[in-house]
Amino acid sequence: MVKRRHSTQLGQLLAGLNPAEQVALLDALEVETLRRGDPLASPAAFALAHSEGRWEAYRHARLISDELVAGIERNEWDLLILTSPPRHGKSELTSRWTPAWAIVKHGMRVGLATYEADFAATHGRATRDILTHVRDIYDVRVRSDTRSASRWDIEKSTAGMWTAGVGGPITGKGGQLLIVDDPVKNAEEAASPIVREKVWDWWTSTFLTRREPGAKVIVIMTRWHEDDLVGRLLKQTGQTMRTKVVNLPAIAEENDMLGRQPGEALCPPRYDTSALAMIRESVGSRVWASLYQQRPQQQGGGVFQRRFFHHWRKEGEVYILDDGHERHLVHESDLRTFVTFDPAFTRGKRSDYTALGVWGATPHQPAHLILLDGHRVRVESTEHAPLVESVWRKWKPMWVGIESTTASLSLLSEAQRRGVVVRPLKPDRSKGARAETAAAIYEAGRVWHPTDAEWLDVWEDELLSFPVAAHDDVVDVTSYATIELARGVVRGRRRDQPEGSAVERHLHQFLDKRGRHRNRYTTTGAM
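We now turn to the structure provided with this report.

Scoring rules and cut-offs
- Residues numbered from 1 in each chain as written.
- Predicted model: local features only at pLDDT ≥ 70, side-chain atom pairs only at ≥ 80, totals over all residues.
- Heavy atoms only, no water.
- Helix = DSSP H or I, 4+ residues; strand = E, 2+ residues; numbered from the N terminus.
- Buried < 20%, exposed > 50% of the residue type's maximum accessible area, 1.4 Å probe, protein only.
- Contact = heavy atoms within 4.5 Å.
- Areas by Shrake-Rupley, 256 points an atom, 1.4 Å probe, with all protein chains shown as cover.
- Phe/Tyr/Trp six-rings, centres within 6.5 Å; stacked < 30°, edge-to-face > 60°.
- Lys NZ or Arg CZ within 6 Å of the ring centre and 35° of its normal.
- Pairing = 2+ DSSP bridges.
- Axes fitted to C-alpha atoms, helices over the stretch in contact; angles between N-to-C directions.
- Salt bridge = Lys/Arg side-chain N within 4 Å of Asp/Glu carboxyl O.

A few words on the overall build of the chain. Looking only at helices and strands, one finds 17 helices and 18 strands in the chain. Across the 527 residues that make up the chain, the buried fraction comes to 51%. Considering only contacts within the chain whose residues lie at least 6 apart along the sequence, 67% involve residues at least 24 apart. When the accessible surface of the chain is summed, it comes to about 25300 Å², and 48% of that surface belongs to carbon and sulfur atoms.

With that settled, consider the side chain of T482. With respect to the element layout, T482 can be found in helix α16 (residues 473-486). Accessibility expressed as a relative area gives 0% for T482, which makes it buried. Residue contacts for T482: discarding those within four places in its chain leaves L369, T437, A438, I441 and V447.

With that out of the way, let us pick up the packing of aromatic side chains. Taken as a whole, this structure holds 11 aromatic pairs when the rule is applied. With a centroid separation of 5.9 Å and an interplanar angle of 40°, the aromatic rings of F46 and Y138 are classed as tilted. Placement of F46 in helix α3 (residues 43-50) and of Y138 in helix α6 (residues 117-138) is noted, with a sequence separation of 92 residues between them. Note on accessibility: F46 and Y138 belong to one class, buried. A ring pair is formed by F338 and W399, whose centres lie 5.0 Å apart and whose planes are at 40°; its orientation type is tilted. Placement of the pair is F338 in strand β12 (residues 336-342) and W399 in the loop between α12 (384-395) and β15 (400-403), with a sequence separation of 61 residues. In this structure F338 comes out as buried when scored by relative accessible area, which is 0%. Since its relative accessible area comes to 9%, W399 is described here as buried. Ring pairing ties together the aromatic residues F46, W97 and Y138, which thus form one cluster. The cationic tip of R378 hangs over the ring face of Y353; the distance from NZ or CZ to the ring centre is 4.0 Å.

This paragraph deals with the sheet that holds strand β6 (residues 175-181). Here eight strands make up an open sheet; going across it, the order is β3-β4-β5-β2-β6-β7-β1-β8 and the pairing mixed. At either margin of the open sheet sits one strand with a lone partner, and together these are β3 (142-148) and β8 (243-247). Strand-to-strand twist of the sheet, defined as the mean angle between neighbouring strand axes without regard to direction, takes the value 15°. Two strands pair when backbone bridges link them, and β6 and strand β7 (residues 211-221) are joined in this way by six bridges, in the parallel orientation. Note on β7: the bridge partner recorded for V180 is V219. Each of β1 (79-83), β2 (109-114), β4 (151-154), β5 (160-165), β6 and β7 is contacted by helix α5 (residues 90-106), which is oriented at about 170° to β6, the strand it contacts most. This element, helix α8 (residues 193-207), spans β1, β2, β5, β6 and β7 of the sheet and lies at about 170° to β6.

What the rule picks out here adds up to 39 salt bridges. A salt bridge links R242 to D78; the nearest nitrogen and oxygen atoms lie 2.9 Å apart. In this pair, R242 is assigned in the loop between α9 (229-235) and β8 and D78 in the loop between α4 (59-72) and β1, connecting sequence segments 164 residues apart. Note on R242: relative accessible area 38%, which makes it partly exposed. A cluster of three or more residues bridged by salt bridges with shared partners is formed by E389, R393, E414, R417 and R418.

Moving on to unusual backbone geometry. The step from Q365 to P366 runs through a cis peptide bond, and the omega angle for that step is 5°. With respect to the secondary-structure elements, P366 resides in the loop between β13 (354-361) and β14 (369-377). For D139, which is not glycine, the phi dihedral falls at a positive 55°. Turning to its location among the elements, D139 is positioned in the loop between α6 and β3.

Bringing the pairing of strand β10 (residues 318-322) into the picture now. On a regular strand, each side chain points to the face opposite its neighbour's, so the side chains alternate between the two faces of the sheet. With four of five residues buried, β10 is to be regarded as a mostly interior element. From the end of strand β9 (residues 310-315) to the start of β10, which pair antiparallel, there are two residues, and G316 there has a positive phi angle of about 65°. Note: β10 against strand β11 (residues 327-331), five bridges, orientation antiparallel. Each bridged residue has a counterpart across the sheet, and for I320 the counterpart in β11 is L329. Remark: four residues form the turn of the hairpin made by β10 and β11, two consecutive strands paired antiparallel; G324 in that turn has positive phi of roughly 95°.

This paragraph deals with the side chain of D476. Here D476 is to be found in helix α16. Apart from residues no more than four positions distant in its own chain, D476 is found in contact with D342, K431 and R434.

Before going further, it helps to examine the environment of I370. Mapped onto the elements of the fold, I370 is located in strand β14. C-alpha separation for the pair I370 and V447, spaced 77 residues apart in sequence, amounts to 6.0 Å. With near-sequence residues (within four places) excluded, I370 lies in contact with W312, Y319, L321, L335, V358, W359, G360, T362 and W448.

On to the environment of E462. With respect to the helices and strands, the residue E462 is situated in helix α15 (residues 456-465). Separated by 10 residues in the primary sequence, E462 and D472 place their C-alpha atoms 6.6 Å from one another. Residues contacting E462, with those up to four places away along its chain left out, are R376, H471, D472, D473, V474 and V475.

The analysis is restricted to geometry; functional conclusions fall outside its scope.
Right, here's the structure in full:
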């Protein structure tokens, strides 16, 4: 009777709330019920009870916890595949609190592997520390003679935990709960057919052979590639093990497992839709689809796509940036000009080109890049410094960025001797990673090519052909420019001139001559 009365009161309360408020209230009630219940009921209840407020029982985390219980306690699956975006807490729950819960409640022996052995050991250490924290509550103690982060045992029990690196040896180790948490380190590894094959061989010939009878296996991943470990497992779902897939994209799509409406964020307290939109613009559509939506896309012809390219034209001293949706006017005096230079040190029919780009950064927030001039030529190394000097004198940039390598040290010194302000560009990431940054900024509509430069077709063709083309010198020059833009090193000058300034009058005279209303345009820079 009391239960029915409470249910009626809740229904009346919900009736007075909008849908968002209803979800928030029900969410809070679920968390409070979890908090007041049995700490051993689930990994989420265990984490909520013993994390001293550091672990949050977000809605998607509770779903993951429920699926873990379904397999471990109710035997509903043999293999759980969990895919979700970075920094959403999947590892904290599944690779730390779940092993601790499984050891305390079920006396399990847990094995865990990640892309690197030392990193895997951090999960082992964290789980061991949790058990040390709750040892007096549950009378579960780690043996003093086996306290290594990568392998430890429980007193008077076969329970314990071991960790390993994917691809490494795990001979002599078995487990009732086996976890693989992110088997590849980064996009470079995921893109390598050799690495993917090694991971698969290790999975089939090493990791799966460690299963004890009735063991449960969990694979936790942020998707990188259509042929990654999860991609291969999905192709054989149900063939070898009863498989449950929990896919949690950052932005909800149709038939969402959480019941979200399309467009809703996975964890608004951490990353709301605005934050995710900024991430999407920063990383580009390919990375977004893979890492955040768990829908890895084939690269096709390359990283860059023709639809990313926008083109400027110039009237007098004004650059017109028009993509068909918005039009921006930028006065040439408000550009911050700089140069990126990628020298080649051999000359021949098959050698690399020397590439150079002259760029203007606009006063937009965020800033855009205008490609003002481009060179892609084969020249002797003795011609590098004169080329840099001629561009320096013609364009008067803030600085000339030159890729800093052992071979280019003499060029940097010679250019400085000629009076050029030089900025060393350090290749601190792989060529592919730098190109992804460039592609993301291109896709965001922030890079503009000239409309009719005679060198433009060659320039754009090389971008479109990357990474399968024979040459990538233009890609390097472009990547360095966009990286400097992303770092905030360059941005156009915005002068706070009063209404009616000379530059403003010039811009609107230009518009008036064409019979267009001034409010149709967004004018930046001098205005």
